[in-house]
Amino acid sequence: MPVEGIPRRLSFTKSVPSDRIITHFPQAYHADGTPHQSIGFSQQVRDACSQNKTGTVGLKICKAVLVGDVAVGKSCLVNRFCHHTFDRDYKATIGVDFEVEKFNILNVPFNLQLWDTAGQERFKCIAASYYRGADIVLVAFDLTDIDSLGHCLQWQIDACKSARDPLVFLVGTKKDLMVESTYAQVEEEALRVAKEMNAEFWATSSKNGECVKEFFFRIVSLSFEKAMKGELNTMNDKQKSIGNELIKIDEPPEDIYEKKKFKTKCCA
Ligand code: GDP
Ligand code: MG
């Protein structure tokens, strides 16, 4: 397996586009709109990456699901980030679409699988099966439509049912349509909802690209840090159990001692 793994990893690293290389921890959009207080990759994670002790992290795919009301701009957000395009004509997503984006974070390959779901009621039962095992839940709302913000908590509850303790983000779209004063009011309400959801808040525009790349770099970096910490804990636990095994072997073998005593008795 390690022999097979090395060339695969090298060719993978080469195929990561230069604009998907992350060397610095991206910051939150709003200091009051995040439950994540760290401002950089932890020393423990940096050390592991520089010493190439990253275990299985580079081979894993991190799954993100994007949910929210119909027409809030979910597909446009994905298209802006993955294909650098924006389409003004609305094309409803049927069921679910997905994209895979390759990153290189602190010299380690990291894959993000992005599931773009349809917000229509009739697809809700199908969508539930796509939420399974999600590491990240992205709940989108339209900054110009306050009702769509009101539905975000329910979207989070639905998506998190079959996810595994995911990182949650609340992302407002269509910022280009907002005037500053109305934006300030919506942002205040969005920050309140984000707190209730224990989510990190972002505001983006897929039309002009504002904060789209920063948003995806942030989610993928937080997810990488979390995956690395999990991997390091697993590696530590394995090391500890190997250590315990060695101690057991080195311990005086009591049962053998007992047998010896018995043998001595027998031969005497
Ligand atoms: P979805 O149903 O949530 O996937 O919504 P879409 O991504 O298909 O977008 C719905 C509509 O909103 C489309 O007509 C888009 O052109 C428009 N739209 C999406 N994002 C933006 C944005 O950032 N700015 C503006 N002005 N319009 C947007
Ligand atoms: Mg769509």
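Residues numbered from 1 in each chain as written. Chains lettered and ligands numbered in written order. Predicted model: local features only at pLDDT ≥ 70, side-chain atom pairs only at ≥ 80, totals over all residues. Heavy atoms only, no water.

An unreviewed UniProt entry lists the chain under the name Ras-related protein Rab-36, with Capitella teleta as the source organism. Taken from UniProt, the Subcellular location (unreviewed entry) comment for the chain reads in full: "Golgi apparatus membrane". (UniProt positions renumbered as here; feature names shortened; annotations may be inferred.)

With that settled, consider the site of ligand 1. Taken together, 18 residues lie near ligand 1, and Ala71, Lys74, Cys76, Asp176 and Ser206 sit nearest. Serine 75 places a side-chain nitrogen or oxygen 2.9 Å from an oxygen atom of ligand 1. Take lysine 207: an N or O atom from its main chain is 3.4 Å from an oxygen atom of ligand 1. Computed on the free molecule, ligand 1 has an accessible area of 580 Å², of which 90% lies beneath the protein chains in the complex. Split by residue class, the shell around ligand 1 holds 7 nonpolar, 4 polar and 7 charged. (Near = heavy atom within 4 Å. Polar contact = N/O pair within 3.5 Å; in protein donor to acceptor, adjacent residues only side chain to side chain. Areas by Shrake-Rupley, 256 points an atom, 1.4 Å probe, with all protein chains shown as cover. Nonpolar A, V, L, I, M, F, W, Y, C, P; charged D, E, K, R; others polar.)

Grouped burial of nonpolar side chains is what soluble globular proteins tend to show. Residues Ile105, Leu112, Leu138, Phe169, Phe215, Phe216 and Phe224 are the most contacted members of the largest nonpolar core, which totals 40 residues. Elements with a minimum of two residues in this core: helix H2 (43-50), strand S2 (61-68), helix H3 (74-83), strand S3 (96-105), strand S4 (108-117), strand S5 (136-142), strand S6 (167-173) and helix H8 (212-250). Among residues more than four places away in sequence, those in contact with leucine 112 are Cys62, Ala64, Glu99, Val100, Glu101, Phe103, Ile136, Phe216, Ile219 and Val220. Residues Val137, Val139, Val186 and Val193 belong to the second largest nonpolar core, which totals 29 residues. (Core = buried A, V, L, I, M, F, W, Y, C linked by side-chain atoms within 4.5 Å. Buried < 20%, exposed > 50% of the residue type's maximum accessible area, 1.4 Å probe, protein only. Helix = DSSP H or I, 4+ residues; strand = E, 2+ residues; numbered from the N terminus. Contact = heavy atoms within 4.5 Å.)

This brings us to helix H6 (residues 152-160). Buried within H6 we find Cys152, Trp155, Gln156, Asp158 and Ala159. Along the axis of H6, the buried residues cluster in a sector spanning 165 degrees; they form a single face. (Arc of directions from axis to C-beta.)

Going through the model one piece at a time under the given rule, you end up with 12 salt bridges. In this structure, aspartate 165 and lysine 226 form a salt bridge, with 3.9 Å as the shortest nitrogen-oxygen distance. Residue aspartate 165 is found in the loop between H6 and S6, and its partner lysine 226 is found in helix H8; the two are separated by 61 residues along the sequence. For aspartate 165, a relative accessible area of 61% translates into the label exposed. With its nearest N and O atoms 3.5 Å apart, the salt bridge here joins glutamate 196 to arginine 192. Placement of both glutamate 196 and arginine 192 in helix H7 (residues 180-197) is noted, with a separation of 4 residues, approximately one turn of the helix. Relative accessible area serves as the criterion here: at 45%, arginine 192 is assigned to the partly exposed category. Each member of the salt-bridge network shares a partner with another, and the members are Asp19, Arg20 and Glu101. (Salt bridge = Lys/Arg side-chain N within 4 Å of Asp/Glu carboxyl O.)

The subject of this paragraph is unusual backbone geometry. The residue histidine 84 is not glycine, and still its phi comes out positive at about 55 degrees. Secondary-structure assignment places histidine 84 in the loop between H3 and S3. Classification of histidine 84 by relative accessible area gives exposed; the value is 51%. Here the phi dihedral of aspartate 165 falls at roughly 40 degrees; this positive angle occurs in a residue that is not glycine.

Another point: the side chain of lysine 175. The residue lysine 175 is located in the loop between S6 and H7 in this model. Looking at lysine 175, the relative accessible area reads 17%, which means it is buried. Setting aside residues no more than four positions away along its own chain, lysine 175 makes contact with Tyr29, Leu143, Tyr183, Ala203, Thr204, Ser205 and Glu210.

Taken as a whole and judged by the stated rule, the model has 13 aromatic pairs. Relative to phenylalanine 201, the ring of tyrosine 29 has its centre 5.7 Å away and its plane inclined at 85 degrees; by these criteria the two rings are edge-to-face. Taken together, the positions of tyrosine 29 in the loop between strand S1 (21-22) and H2 and phenylalanine 201 in strand S7 (residues 200-203) put the pair 172 residues apart, joining distant regions of the chain. Centroid distance phenylalanine 110 to phenylalanine 224: 5.3 Å. Interplanar angle 85 degrees. Geometry classified as edge-to-face. A residue pair is termed long-range when its members are at least 10 positions apart, and phenylalanine 110 in strand S4 and phenylalanine 224 in helix H8 qualify at 114 residues. Using a relative accessible area of 0% as the deciding quantity, one classes phenylalanine 224 as buried. (Phe/Tyr/Trp six-rings, centres within 6.5 Å; stacked < 30°, edge-to-face > 60°.)

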